[in-house]
Amino acid sequence: MIIAGLGGMGSAVAAHAAARGLRVVGLERFHPVHAYGASHGRTRLIRQAYFEGSNYVPLLLRAYELWDALEVRTEIPLRGRTGALYVGPADSALISGALASAKMYGLAVDSYDRTDVTLRYPMFTLNADDIGVFENAAGVVFPEPAVRAHQQAAIADGAELRFGVFLRDWQSRGDGVRVSTEAGTTIAARHLVLCMGPWFQAAAASVGIPIRVERNVQFWFEPSDGGLFAPDRFPAFAVDRPGQKFFYGFPDYGDGVKFAFHHSGDYTSPDALDRVVSAPEITRAREALTAFLPDAAGVCLDAAACMYALTPDEHFVIGPHPDYANVILAGGFSGHGFKFCPVIGEIVANLLAGADPGPVDMFSPKRFTSQLTKETR
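Participant: Help me out: how do you make sense of the packing of aromatic side chains in this one?
Facilitator: Think of a pair of aromatic rings as described by two things: how far the centres are apart, and how the planes are tilted against each other in angle. Enumeration according to the criterion identifies 27 aromatic pairs in this entry. Relative to Tyr-36, the ring of Phe-30 has its centre 4.6 Å away and its plane inclined at 35°; by these criteria the two rings are tilted. Between Arg-120 and the ring centre of Tyr-112, over which it is positioned, the NZ or CZ distance is 4.2 Å. Between the NZ or CZ atom of Lys-245 and the centre of the ring of Phe-261, over which it lies, the distance is 5.4 Å.

Participant: For this particular structure, what's the right way to read the pattern of salt bridges?
Facilitator: Two side chains of opposite charge can pair, provided their charged atoms sit close to one another. Scanning the model with the defined rule gives 16 salt bridges in all. A salt bridge links Glu-160 to Arg-162, with the shortest nitrogen-to-oxygen separation between them at 2.7 Å. The exposure class of Glu-160 is partly exposed, given its relative accessible area of 36%. The exposure class assigned to Arg-162 is partly exposed, which follows from its relative accessible area of 29%. Across the pair Asp-313 and Arg-367 runs a salt bridge whose closest N-O atoms are separated by 2.8 Å. In this pair, Asp-313 is assigned in the loop between strand S19 (300–310) and strand S20 (317–320) and Arg-367 in helix H9 (residues 366–369), connecting sequence segments 54 residues apart. For Asp-313, a relative accessible area of 31% gives the class partly exposed. The structure contains a network of salt bridges with shared partners spanning Asp-68, Glu-71, Arg-79 and Arg-81.

Participant: Could you clarify how one ought to interpret the sheet that holds strand S8 (residues 139–141) in this entry?
Facilitator: Hydrogen bonds between backbone groups are what pair the strands of a sheet, and the pairing can be parallel or antiparallel. Taken in spatial order, the 3 strands line up as S3-S8-S4 in an open sheet, and their pairing is antiparallel. Edge positions in the sheet fall to strand S3 (44–46) and strand S4 (79–80), since each of these pairs with one other strand and no more. Pairing of S3 with S8, which is carried by 3 bridges, proceeds in the antiparallel orientation. Looking across to S8, one finds that Leu-45 is bridged to Val-140.

Participant: What is the right way to read helix H3 (residues 93–105) from this model?
Facilitator: Helical geometry note: an α-helix holds 3.6 residues per turn, so side chains three or four residues apart project in the same direction. The terminal C-alpha atoms of H3, which comprises 13 residues, lie 18 Å apart, in line with the 18 Å expected from a rise of 1.5 Å per residue. Among the residues of H3, Leu-94, Ile-95, Gly-97, Ala-98, Ser-101 and Ala-102 are the ones counted as buried. Among the structural elements, helix H2 (57–74), strand S5 (84–88), strand S7 (131–135) and strand S15 (236–239) are those in contact with the buried residues of H3.

Participant: Sorry if this is basic, but what is going on with the pairing of S20 here?
Facilitator: The side chains of a regular strand alternate, residue by residue, between the two faces of the sheet. One ladder, built from 4 bridges, connects S20 with strand S21 (residues 327–331); its direction is antiparallel. Within S21, the residue paired with Gly-319 across the bridge is Leu-329. In sequence, S20 turns back onto S21 through a hairpin of 6 residues.

Participant: Just to check I follow, could you spell out the packing of helix H1 (residues 8–19) against helix H8 (residues 341–353) for this structure?
Facilitator: Relative orientation and spacing of two packed helices are given, respectively, by the angle between their axes and the distance between those axes. Where H1 meets H8, the axes come as close as 7 Å, and the angle between the chain directions of the two elements is 50°. The angle between H1 and H8 falls in the class oblique. Relative to H8, H1 is oriented so that their crossing is right-handed. Facing H1, whose interface residues are Gly-8, Met-9, Ala-12, Val-13, His-16 and Ala-17, H8 presents Cys-341, Pro-342, Ile-344, Gly-345, Glu-346, Val-348 and Ala-349.

Participant: I tried to follow the confidence of the model for the chain on my own but got confused; where do I start?
Facilitator: The share of residues in the chain with pLDDT of 70 or more is 98%, and the mean pLDDT across the chain is 96. Of the regions scoring below 50 in pLDDT, residues 371–377 engages in 11 contacts with residues more than four places distant in sequence or in other chains.

Rules used in this analysis
Residues numbered from 1 in each chain as written. Predicted model: local features only at pLDDT ≥ 70, side-chain atom pairs only at ≥ 80, totals over all residues. Heavy atoms only, no water. Phe/Tyr/Trp six-rings, centres within 6.5 Å; stacked < 30°, edge-to-face > 60°. Lys NZ or Arg CZ within 6 Å of the ring centre and 35° of its normal. Salt bridge = Lys/Arg side-chain N within 4 Å of Asp/Glu carboxyl O. Buried < 20%, exposed > 50% of the residue type's maximum accessible area, 1.4 Å probe, protein only. Helix = DSSP H or I, 4+ residues; strand = E, 2+ residues; numbered from the N terminus. Pairing = 2+ DSSP bridges. Expected span 1.5 Å × (residues − 1). Contact = heavy atoms within 4.5 Å. Axes fitted to C-alpha atoms, helices over the stretch in contact; angles between N-to-C directions. Parallel < 35°, antiparallel > 145°, perpendicular 65-115°, else oblique. Left-handed = near helix turned anticlockwise from the far one by under 90°. pLDDT = per-residue confidence, 0-100.

The following block contains the structure:
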């Protein structure tokens, strides 16, 4: 099998497929762990009380198991156990959705009124109608070490990972596929997996799956007291308030308190991404952080652009190509997919091996392409 793309998802697929004994060739246009797509940023939020939908919770529970097993196997630290505080009005999507998922699956969360939050976390500035939900099992995944760990596991189990290889084209012929690279080489295999992050947009468009690529920026600010925001004292956080952009952040792991808006509304194409973060962008981020966490909103130490590959419903695309059963699509992870990397890797490996992939019908590409026929594409 060939895997196109070795970021967070592609590396996880390579690891799980190789562990099953499948012959794996992975192709990546950049170097092994890079900051050009969507699998970077030093910290990513991982949580179980999922406000985006309770049907994600079983996948998250499995993802936790797999992250921890990968951490043990590779001896690479992959998770920070910080807990996470969710803040917003009781009827906000974040608060109501997290509580609904927690109730359905018996997940441990604590609900705090505004006074409780202020007593426990005096560094936060809350609105009059804000409440808090604290999830102890939530925390941080470190994306660059995570990609490295999956690649290390894949290679140890016999996968061949090739970097600096640009996929130019692919064709499915009968029971096999042929991939052409920019260098003029051709690779043949029984199966192809398209895990190309934001570059999944072109493959998806060819079969009627609409993907928008959104530019988002991650910021790191210098706090007034670094110890106050250390991971053993300060949780990850997410804030959902009416009339404001959803934002989230992380403790100071030595490079500042991280802050980001969840969506920007700034759409681009992956090869045209503006990677320069402007002074007005930094100002807007600092203003939002100052209003919520004033002691964290010092000098901007760093900022980096990343990309969300968004489906219209912001759910993932995982499943066989509508026209070619030996081509698996895995993309459109919509800015909330990284925490799922190992379980997505396991699901795709199961699909390749003809095993039961589990409850993934909601991610089927057919939800976008069922109204189309091969003749009209």
